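Spelled out, the chains give:
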Amino acid sequence: GQQLNQSPQSMFIQEGEDVSMNCTSSSIFNTWLWYKQDPGEGPVLLIALYKAGELTSNGRLTAQFGITRKDSFLNISASIPSDVGIYFCAGPTIIQGAQKLVFGQGTRLTINP
Amino acid sequence: NAGVTQTPKFQVLKTGQSMTLQCAQDMNHNSMYWYRQDPGMGLRLIYYSASEGTTDKGEVPNGYNVSRLNKREFSLRLESAAPSQTSVYFCASKWGKYNSPLHFGNGTRLTVT
């Protein structure tokens, strides 16, 4: 089935640094979703992208829907301790005639104070 | 505003035991999903229910059964637990629209010994 490949798998940064991560697919997606999972909790939606080339911000977070529709990027500026967690990209797809949401493997972000 | 509620939060089973994971949502969503999360694997779909009265298999359905009891509730049953089913299980729900985002519960951490 379709797969989303996220990179990097993990990041170790200093507080205040900017963060960039991306998600790629061999297939076209019409929507890209970025989720964040805090330790011990379920993923929470951060940003939704619905159009190729779209650039959307949510506070210090900015995400872009790639022009080819096969990739998406998430940037975090001036990281703070509460940014720690796992970030997932996801996209809806049709598999065997049914609509499903597929997820990347996640990028684990660790911040040193 | 509870959103998606999962019970229990933690469970330890012995191999061969059975149990049911409960999930309820109060957002009047049509679709409900069960995912499992394993280290380095992201979120993998076990079963889903596109609407009340229907259920379908996801990527990893073996060893599980589900019941969409009504529009609010979607349960996941392990008939004979195996150590390979040790995982964190997430229930999620969304509107039926193709690209609407998922809302997750806080997960059930299951250990099978």
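What counts as what
- Residues numbered from 1 in each chain as written.
- Chains lettered and ligands numbered in written order.
- Predicted model: local features only at pLDDT ≥ 70, side-chain atom pairs only at ≥ 80, totals over all residues.
- Heavy atoms only, no water.
- Helix = DSSP H or I, 4+ residues; strand = E, 2+ residues; numbered from the N terminus.
- Rg over C-alpha atoms; globule rule 2.2 N^0.38 Å.
- Contact = heavy atoms within 4.5 Å.
- Areas by Shrake-Rupley, 256 points an atom, 1.4 Å probe, with all protein chains shown as cover.
- Buried area = accessible area lost by both parts, 1.4 Å probe.
- Salt bridge = Lys/Arg side-chain N within 4 Å of Asp/Glu carboxyl O.
- Polar contact = N/O pair within 3.5 Å; in protein donor to acceptor, adjacent residues only side chain to side chain.

**Re the overall build of chain B**
Inference 1: In terms of helices and strands, chain B carries zero helices and 11 strands.
Inference 2: Mapped in sequence order, the helices and strands of chain B form the string β-β-β-β-β-β-β-β-β-β-β.
Inference 3: Here the C-alpha atoms of chain B give a radius of gyration of 13 Å, agreeing with the 13 Å that 2.2 N^0.38 yields for 113 residues.
Inference 4: For chain B, the spread of C-alpha atoms along the principal axes amounts to about 40 × 30 × 25 Å.
Inference 5: Taking as baseline every contact in chain B between residues at least 6 positions apart, the subset at least 24 positions apart corresponds to 55%.
Inference 6: For chain B, the accessible area works out to roughly 5,300 Å², and carbon and sulfur atoms hold 49% of it.

**Looking at the interface of chain A and chain B**
Inference 1: Contact with chain A, which involves 22 residues of that partner, is made by 22 residues of chain B.
Inference 2: Buried area between chain A and chain B, summed over both chains or domains, comes out near 1,700 Å², and the portion from carbon and sulfur atoms is 56%.
Inference 3: For chain A, the biggest contributors to the area lost against chain B are Q99, K100 and F103 of chain A; these three give 29% of the whole.
Inference 4: At the boundary of chain A and chain B, one finds zero salt bridges.
Inference 5: Between the two partners, chain A and chain B, sit four residue pairs in polar contact (both at pLDDT 80 or more).
Inference 6: Sorting the residues of the side of chain A that touches chain B by element identifies β4 (32-37), β9 (85-95) and β10 (98-103) of chain A as the ones contributing at least two each.

Read these as spatial facts, not as claims about activity.
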